[in-house]
Amino acid sequence: MPLSGKSSIIILVILSFAIIVFLFIYYSKKQIIIRTLKKIPFTRIGNIQTNRLTKTTGKAQAIEKPLIAPYSKRNCVFYTIKIEQEKKNGKSSHWENLINEEKIQSFFIEKDSDLIMINPTQNPKNYKSYLVVDKKVTSGIFNNASPKFESILKQYDIESTGLFGFNKTLRYTEAIIELGEEITVAGIAKWKNLDKPIPGYSYSKIATLISNQKQKLIITDLPKEDVSKTP
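Residues numbered from 1 in each chain as written. Predicted model: local features only at pLDDT ≥ 70, side-chain atom pairs only at ≥ 80, totals over all residues. Heavy atoms only, no water.

J.: Would you mind going over the overall build of the protein with me for this structure?
T.: If you tally the helices and strands in the protein, you get 3 helices and 12 strands. Put simply, the protein has 231 residues, and 35% of those count as buried. A fraction of 67% describes how many contacts in the protein between residues 6 or more apart in sequence connect residues 24 or more apart. Of the accessible surface of the protein, which amounts to about 14500 Å², a share of 55% is contributed by carbon and sulfur atoms. (Helix = DSSP H or I, 4+ residues; strand = E, 2+ residues; numbered from the N terminus. Buried < 20%, exposed > 50% of the residue type's maximum accessible area, 1.4 Å probe, protein only. Contact = heavy atoms within 4.5 Å. Areas by Shrake-Rupley, 256 points an atom, 1.4 Å probe, with all protein chains shown as cover.)

Written as structure tokens, this is what we have:
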């Protein structure tokens, strides 16, 4: 039996919604990085060849004094945080971004006693990244901000309460690369002469991954199996 006009409209609406969801996921930062990294084979640090696009995995180690994640206070080489406030307009609502902060420093990747140096920069930004959010904090009408959350909000000059003292609906997310965490990085391989020795490293040169005009560094803490090359 032929579909009625109303049924056809419903099917079109469902298909349109499904296509929008698919495109949103397919072109998300996470999926773009996964697809890109899957195209690059893993290379052991000791087998790296200069000027080649290279992907490696290992544990993140600090070169200098590590960063400290604002909320969790964990030592790290990379963190991103976001603070948002829910805004309502009639029956609809949306999240307004209040703070979006990202900090990163140069670091080593260690694997089987080998080291590779990663030198990301923020200005100009020479890397793409996706970090798994591993800390979430919220406050709202019947959920007072904890003292720890209050201290973070004050650090960024944000009040947890609004008109008449009612709690604002706020959320905080934090993602980091912690010291010792297994991560994956891709970039253009180079060998660099060391200006000064590195404790525990007995060689005069060290492998590095860098960016160039065509290729940015790619940094993620997604599980290794998620970014492994498809057979």
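The discussion continues.
J.: What's the story with the layout of surface pockets in this structure? I'm lost.
T.: The rolling of a water-molecule-sized probe over the atoms marks out the regions of remaining empty space. Each pocket or cavity is described by its volume, and for the largest pocket that value is around 430 Å³. For the largest pocket, the lining is made up of 14 residues, of which Lys29, Thr80, Lys82, Leu131 and Val133 are closest to its centre. At the level of secondary structure, the elements contributing two or more residues to the lining of the largest pocket comprise β3 (75-89), β4 (92-104), β7 (127-130) and β9 (170-178). The element that contributes the greatest number of residues to the lining of the largest pocket is β3, accounting for 4 residues. Of the residues belonging to the lining of the largest pocket, the class tally is 5 nonpolar, 4 polar and 5 charged. Forming the boundary of the second largest pocket are Ile63, Phe108, Met117, Asn119, Lys192, Leu194, Asp195, Lys196, Pro197, Ile198 and Pro199. (1 Å grid on protein atoms, 1.4 Å probe; cavity = no way out; pocket = protein on both sides within 12 Å on 5 of 7 lines; lining within 4 Å. Points joined across faces, edges and corners; volume = space filled by probe spheres on them. Nonpolar A, V, L, I, M, F, W, Y, C, P; charged D, E, K, R; others polar.)

J.: Is there a simple way to explain unusual backbone geometry in this structure?
T.: Omega for the bond connecting Asn123 with Pro124 falls within 30 degrees of zero, at 0°, which places this linkage in the cis form. When you line up the elements, Pro124 lands in the loop between β6 (114-118) and β7. At Asn51, a residue that is not glycine, the phi angle is positive and equals roughly 70°. Here Asn51 lies in the loop between α2 (29-38) and β1 (53-62). Residue Asn51 is classed as partly exposed on the basis of its relative accessible area of 48%. Phi angles above zero are rare outside glycine, and Lys73 is one such case at about 60°. Relative to the helices and strands, Lys73 is located in the loop between β2 (67-68) and β3. Residue class for Lys73 comes out exposed when judged on its relative accessible area of 53%.

J.: Help me understand the nonpolar core in this model?
T.: Proteins that are soluble and globular tend to have nonpolar side chains buried together. By size, the foremost hydrophobic cluster in this structure holds 21 residues, and its most contacted members are Phe78, Phe107, Ile116, Ile118, Ile177, Val185 and Ile219. Breaking this core down by element, the ones donating at least two residues are β3, β5 (107-111), β6, β9, β10 (182-193), β11 (205-210) and β12 (217-220). Here this core gets 3 residues from one element, more than from any other, and that element is β10. Apart from residues lying up to four places away in sequence, Ile118 is in contact with Ser106, Phe107, Ile109, Val185, Leu209 and Leu217. In terms of nonpolar packing, the next biggest core, distinct from the first, is built from 18 residues, Ile83, Tyr156, Leu170 and Tyr172 among them. (Core = buried A, V, L, I, M, F, W, Y, C linked by side-chain atoms within 4.5 Å.)

J.: I would appreciate a short explanation of α2 in the present structure.
T.: An α-helical turn contains 3.6 residues, so any two residues separated by three or four positions project in the same direction. Along α2, the positions that sit buried rather than exposed are Ile33, Ile34 and Leu37. Down the axis of α2, the smallest arc covering the buried residues is 100°, so these residues share one side. (Arc of directions from axis to C-beta.)

J.: Sorry if this is basic, but what is going on with the pattern of salt bridges here?
T.: Charged atoms that come close allow side chains of opposite charge to pair. Applying the stated criterion across every chain, the model contains 6 salt bridges. In this structure, Asp134 engages Arg74 in a salt bridge whose closest nitrogen and oxygen atoms are separated by 3.1 Å. One end of the pair, Asp134, is in the loop between β7 and β8 (135-139); the other, Arg74, is in the loop between β2 and β3, and 60 residues separate them in sequence. With a relative accessible area of 19%, Arg74 lands in the buried category. Each of Arg74, Asp134, Glu174 and Glu178 takes part in one network of salt bridges that share partners. (Salt bridge = Lys/Arg side-chain N within 4 Å of Asp/Glu carboxyl O.)

J.: Whenever I open this one, the side chain of Asn126 confuses me. Can you help?
T.: Locating Asn126 in the fold gives a position in the loop between β6 and β7. In this structure Asn126 comes out as buried when scored by relative accessible area, which is 12%. There is a polar contact of 2.7 Å between the side chain of Asn126 and the backbone nitrogen of Thr121. Engagement of the side chain of Asn126 in a polar contact is seen with the side chain of Ser211, the distance being 3.4 Å. With residues up to four places along the chain from it excluded, the contact list for Asn126 reads Asn119, Pro120, Thr121, Ser211, Lys216 and Leu217. (Polar contact = N/O pair within 3.5 Å; in protein donor to acceptor, adjacent residues only side chain to side chain.)

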